[in-house]
Amino acid sequence: MNYLGKPLPNGDLIYQLAEQLFPICRSITGNGVRETLGILQQEIPELQVHEIPTGTPCFDWTIPKEWNIRDAWICDPSGEKIVDFKRSNLHVMGYSVPVDQRMSLDELQSHLYSVPEQPNAIPYVTSYYKERWGFCLTDHQRKGLKPGEYHVKIDSELTQGSLSYGEISLPGSSDQEVFLSTYVCHPSMGNNELSGPCVATFLAKWIKELHSRRYRYRIVFIPETIGSIAYLSLHKEEMQKGVIAGFNISCVGDNRDYSFLPSRAGNTVADRVGQHVLRHMAPDYKQYTFLDRGSDERQYCSPGIDLPVASVMRTKYGMYPEYHTSLDDLSLISPEGLFGGYMALIRCLEVLEQDCVPKATTPCEPQLGKRGLYPDLSMKGSANHVRQMMNLLAYSDGTKSLLEIGEIIDAPAWELRKHVDNLAAEGLLEYD
Amino acid sequence: MNYLGKPLPNGDLIYQLAEQLFPICRSITGNGVRETLGILQQEIPELQVHEIPTGTPCFDWTIPKEWNIRDAWICDPSGEKIVDFKRSNLHVMGYSVPVDQRMSLDELQSHLYSVPEQPNAIPYVTSYYKERWGFCLTDHQRKGLKPGEYHVKIDSELTQGSLSYGEISLPGSSDQEVFLSTYVCHPSMGNNELSGPCVATFLAKWIKELHSRRYRYRIVFIPETIGSIAYLSLHKEEMQKGVIAGFNISCVGDNRDYSFLPSRAGNTVADRVGQHVLRHMAPDYKQYTFLDRGSDERQYCSPGIDLPVASVMRTKYGMYPEYHTSLDDLSLISPEGLFGGYMALIRCLEVLEQDCVPKATTPCEPQLGKRGLYPDLSMKGSANHVRQMMNLLAYSDGTKSLLEIGEIIDAPAWELRKHVDNLAAEGLLEYD
Amino acid sequence: MNYLGKPLPNGDLIYQLAEQLFPICRSITGNGVRETLGILQQEIPELQVHEIPTGTPCFDWTIPKEWNIRDAWICDPSGEKIVDFKRSNLHVMGYSVPVDQRMSLDELQSHLYSVPEQPNAIPYVTSYYKERWGFCLTDHQRKGLKPGEYHVKIDSELTQGSLSYGEISLPGSSDQEVFLSTYVCHPSMGNNELSGPCVATFLAKWIKELHSRRYRYRIVFIPETIGSIAYLSLHKEEMQKGVIAGFNISCVGDNRDYSFLPSRAGNTVADRVGQHVLRHMAPDYKQYTFLDRGSDERQYCSPGIDLPVASVMRTKYGMYPEYHTSLDDLSLISPEGLFGGYMALIRCLEVLEQDCVPKATTPCEPQLGKRGLYPDLSMKGSANHVRQMMNLLAYSDGTKSLLEIGEIIDAPAWELRKHVDNLAAEGLLEYD
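The model shown is predicted, which means the values in this text are computed figures rather than measured ones. (Residues numbered from 1 in each chain as written. Chains lettered and ligands numbered in written order. Predicted model: local features only at pLDDT ≥ 70, side-chain atom pairs only at ≥ 80, totals over all residues.)

All right, on to the overall build of chain A then. For chain A, the count of helices and strands is twelve helices and 20 strands. Principal axes of the C-alpha set define a box for chain A whose edges measure 90 × 45 × 35 Å. In chain A, buried positions account for 49% of the 432 residues. Partitioning the intrachain contacts of chain A with sequence separation of at least 6 by distance along the chain shows that 80% fall at a separation of at least 24. (Helix = DSSP H or I, 4+ residues; strand = E, 2+ residues; numbered from the N terminus. Buried ≥ 20, exposed ≤ 12 C-beta atoms within 10 Å, placed from the backbone. Contact = placed C-beta atoms within 7 Å.)

All names here are of chain C. Spatial strand order, β3-β12-β14-β13-β15-β18-β16-β17: eight strands in an open sheet with mixed pairing. If you trace the sheet from one side to the other, it starts and ends with β3 (48-53) and β17 (286-287), each paired once. Sheet contacts for helix α5 (residues 195-209): β12 (162-170), β13 (177-183) and β14 (216-222); angle to β13, the most-contacted strand, approximately 150°. (Pairing = 2+ DSSP bridges. Axes fitted to C-alpha atoms, helices over the stretch in contact; angles between N-to-C directions.)

So, about the sheet that holds strand β3 (residues 48-53) of chain B. Residues and elements named next belong to chain B. Here we have eight strands laid out as an open sheet, ordered β3-β12-β14-β13-β15-β18-β16-β17, and mixed in their pairing. Taken across any chain shown, the strands that pair with only one partner, and hence form the sheet edges, are β3 and β17 (286-287). Where strand β12 (residues 162-170) and strand β14 (residues 216-222) come together, five bridges link them in antiparallel fashion. Within the sheet, the bridge partner assigned to S169 lies in β14 and is R218. Along the sheet, helix α5 (residues 195-209) contacts β12, β13 (177-183) and β14; its crossing angle with β13, the most-contacted strand, is approximately 150°.

Below, the discussion takes up the relation of the copies chain C and chain B. Mapping chain C onto chain B calls for a screw motion: a turn of 120° about the axis and a shift of 0.2 Å along it, with 0.1 Å RMSD after fitting. As the rotation angle and translation indicate, the two copies are arranged about a three-fold axis. For chain C, the minimum C-alpha distance to the rotation axis belongs to N267 of chain C and amounts to 13 Å. (Least-squares fit on C-alpha atoms with pLDDT ≥ 70 in both.)

On to the interface of chain C and chain B. Across the boundary between the two partners, chain C contributes 20 residues, which contact 23 residues of chain B. Secondary structure elements with two or more residues in the side of chain C that touches chain B: β19 (358-360) and α10 (387-395) of chain C. For the side of chain C that touches chain B, the residue count by class is eight nonpolar, six polar and six charged. (Nonpolar A, V, L, I, M, F, W, Y, C, P; charged D, E, K, R; others polar.)

Bringing the UniProt feature "domain: DUF4910" (unreviewed entry) in chain A into the picture now. The sites that UniProt annotates as "domain: DUF4910" (unreviewed entry) are residues 15-355 of chain A. Helix makes up 29% of residues 15-355 of chain A and strand 25%, and the two end C-alpha atoms of the span are 31 Å apart. (UniProt positions renumbered as here; feature names shortened; annotations may be inferred.)

Another aspect to go through is the pairing of strand β11 (residues 149-159) of chain A. As a general feature of sheets, a regular strand has side chains that alternate between the two faces. The pairing of strand β6 (residues 66-75) of chain A with β11 of chain A spans nine bridges and is antiparallel. If you follow D71 of chain A over to β11 of chain A, its bridge partner there is D155 of chain A.

What follows deals with the pairing of strand β7 (residues 81-84) of chain B. Residues and elements named next belong to chain B. Bridging between strand β6 (residues 66-75) and β7 involves three bridges; their strand directions are antiparallel. Each bridged residue has a counterpart across the sheet, and for C75 the counterpart in β7 is K81. Hairpin remark: β6 followed by β7, antiparallel, with five residues in the connecting loop; positive phi at G79, about 90°.

Turning our attention to the confidence of the model for chain A. Residues at a pLDDT of 70 or more form 97% of chain A, whose mean pLDDT is 95. With pTM at 0.92, the complex prediction returns an ipTM value of 0.92. (pLDDT = per-residue confidence, 0-100.)

The next thing to look at is the domain arrangement of chain A. All names here are of chain A. The assigned domain composition of chain A is domain 1 (2-64 + 162-354), domain 2 (66-159) and domain 3 (358-431). With centres defined by C-alpha atoms, the gap from domain 1 to domain 3 works out at 35 Å. Listed per partner, the contact involves eight residues of domain 1 and seven residues of domain 3. Those elements that provide at least two residues to the side of domain 1 that touches domain 3 are α7 (269-281) and α9 (335-354). Split by residue class, the side of domain 1 that touches domain 3 holds two nonpolar, three polar and three charged. (Domains from an automatic or database assignment.)

Another aspect to go through is the environment of G148 of chain A. Residues and elements named next belong to chain A. Along the chain, G148 turns up in the loop between α4 (139-143) and β11. Assessed through the 10 C-beta atoms surrounding it within 10 Å, G148 is described here as exposed. As a C-alpha pair, G148 and P64 span 84 residues in sequence and 36 Å in three-dimensional space. Residues contacting G148, with those up to four places away along its chain left out, are D76, P77 and L105.

Residue and element names in this part refer to chain A. Taken together, the buried positions of helix α11 (residues 402-409) are L402, L403, I405 and G406. All buried residues of α11 project into a common sector of 165° when viewed along the axis, lining one side. At its buried positions, α11 is contacted by α7, α9, β19 (358-360), α10 (387-395) and α12 (413-425). At the C-terminal side of α11, D410 shows a positive phi close to 60°. (Arc of directions from axis to C-beta.)

So, in structure tokens, the structure goes:
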């Protein structure tokens, strides 16, 4: 299988990258992000890593202190290590301040987080902007805790450091650009979110291999929210000038739904391309509105930024029970799921790269029969197989793009492109 | 309960006004209208009463003679007064000429009006522009009439006089105005139509108490059709220049439906505000079209007038069985019904007065956490309660009014206004 | 029954014309077309016949050789004439080259065409642009053929000749024109296609009798596809300048569905008129899209031509089982079916001729009562019968045509025109 002449990976390769990245404890800052970006650089050496120092102002925000953690555990009254960061980095609330303390179960409870409705899930909890500490555990385990003196230890530090992010820039033949954004701030979870960086990495590998690119590509691997805000504070003007379509890449790894979340404007190129692709690839895809947003489109589409950024996803964040818990692990994502998310985005890029405005070169229908493109015998039913080509020709009036024609005649733009090439070879169509 | 800092009446006060006005025999002219306006002046001294003389031309119409009636009855062959104006002023056809005559039942029948489908209802019948006389009675009573000589007497007069109407003008801080119109020409009926003048009176009381008014208010109490035509013939130019939204106030007293009837244009400020309010106050409200019109919007929205006048109602005229009969009495309306109609219109005025175009002051989402406006702990589900505020911010791009944003994010404009005030206090929003 | 003062034929006359034309063997060229046009000239002497020589280039096409046929048959091994052109001209594939040959059944089979799913139907098959020969027969008969030597004979010729078409031009009071197109290239079939030329002929008779015509009328009787392409190659510029609405007249003879197929643009005058008429005449009509096209609108609406041509039909080509077989015979069409198709198109022309932009002459509603146009007694329910007139007045603001008002108030434009005339006579409306 290949597109635009380039071979596609199978989903196993994407999944293997997720397996490699899974154990790392990521947060919005710290060495986990750096380690992750380092592994991605092995896949794409073009990836550049940038650091923004703690305290740097970014619009209404400020880069927070850098957080790093070495170890954390709770010992029960008998001295047994019953909660251990080394077994799951979700056990520690993100950005927990250091602690080394003995306390009663009652006192401990106010630092514990669990989900009664999901007794076997460790929830994912963070407190980036208020200094506190906490442990996350299954509600089942929590209910089994016996009174007595507990020993809690979090060996972390909050320091003047920096926020790290990765960026890939691939030039195109025009000044217009396509923007891809994904985030690298989540600890060990699968669909939300290792799927995004893994799929984005393989998209970057495909893009850089293209013989020619119509568009420039800007691909960023950032921490969510503070990362996109910081990035925008540095690149807003050039992005507002150049970006014609962008996708926030998140939740592209499980094998259940396909989902679409539009940009705020709702009718940008990204919106039209994303929905066109899903209508044909996955007609039952779930259509969300911008009111369902929850990731970096919050920043990219905010007033004053107004970028055309949409989300093409598998099962959307917040819409599956395992979301933001330890149940969103490597078993929730799969090679098939990742490949599906990857393919949906490849199709989007393919449509963007290949879209054009075709124009018929002759009034009336051309005589396709003399060129062997039309059946030479007229009998009822016999012309069905050329219907799509005729429909393309009928709408090739020089005012509609392939994408628009595809929407009218209910055909995928990538199939229409083949007809365009055939008809242009016969001199019957011009484009762009 | 109060709005814009002003206390609201409870429905009992509005109902008591209806009780006071109910017995008066009103028509499109005459002393009943004057007596009614006099009672309303006790509630709002700002109400001015105007008179337009019989014979005055008004566009294609002419002010008719003034009609007054003192008494009317039918005596049956035994001399018993079987139909008596003093028991119900609906018994006499509006604008009946005087008569004092004995006649057979057969001859009398051509002057009787009843509704076979509603055997216990006295219908409301008028003949303003053709001189005739008639009595209205229940079909049950009519069927019981025995042959013999009847004596009919109507002690009325049609004279050179004038058409009376009331008007309240309350200045605002701009030259734009809001127009409210209701009618005072119906005799003893409740929903259609004492509810209109009673609710309009209490709206006027609330408006005049406002600390400040963005808009000027023009409130008229007129006879239907000829009154609105006469009023427009005097004020058309200034109203076409100033009125940005108007409401015809009719059928706002029962406690069944809420209803909306749009202006002819259908998309004016009045239309958008009225439907916005009802969508949130009464999601099951009945939506009518301009083809269902039947009151003074016929004039206000006519070609050459083209005012933005819509109707926010309880159960619409013509859509309930008691309509235009004696069954539409004080038992059909209620304090709850009147208060509901009143509140729907208060909400409309509130939205008009408070609408604005908010604009976020910072690119990207602001950091609400540091201002105590956002939860400092991130755990799934925890951010739901700030969703509405975030949605408001996301659409505060300086191009959309609160009303428009409310339609997009499905939130009432009056709730959004509170967020606007909070966010503006933090310096995060500007408006207008 | 008459329209615009002109009497209408009953359907029998249209059907009789179809009976007269049915036996003729028509194709895209040849004497069958000329004979057909000659008969139509007896109905409308204004019909002019034109010839375009073989070899003339027309856009991407070339006028083909002229085809004529005198006789054709298959004799079976016993010498019996089992397939005979004289019994049905569908038996010969259109444009068959001459042949006179003996051959085995096996060899013959590759020249036979039948429809297994319709064992009693002779299919209609043509091969205009590749020289071959063939016979069409019922699948039932084909299955009964026994091995042996068959004798096939087709006495046809393909010669340098010309393509014939007919044209009627009827002047109007403006330079704008209405275009009607139908085709005369189908051999003995009824709904598709003798109904089109027969109905078009009677439309032309009605149009030429009109006292006055707002529009010029261009009516063409052409062979399908090559004929419309050839005609357009000669008249494109003048038609693009003048045609405001056109109808392709096809499949207007059976008595089952009414159907509408829009122009490519979809919102032209022809589209709006055609759908307006069918909504009122046949509310259950079948709405097709331009993707369902299949006749000369393929050319008229092609990029670079872009004429406003729609199709108002009875049962659409391709949508009934008898289509393009011998089962589409004179029993499939009927006087009622033809008259229905005729009337739908008469209504379209009537709406086009009579449309206007009415404007009320007085602000507010006029006092219709004093002119006897409104009931002088007001009692509930009594005003219903003047509702349509009042609705017309309410929308007569000088910006909307009768057609547009009819769409808003759900009334046929031809009924509204009567109100316009009445109200204009009273000085209450002006138009155009």
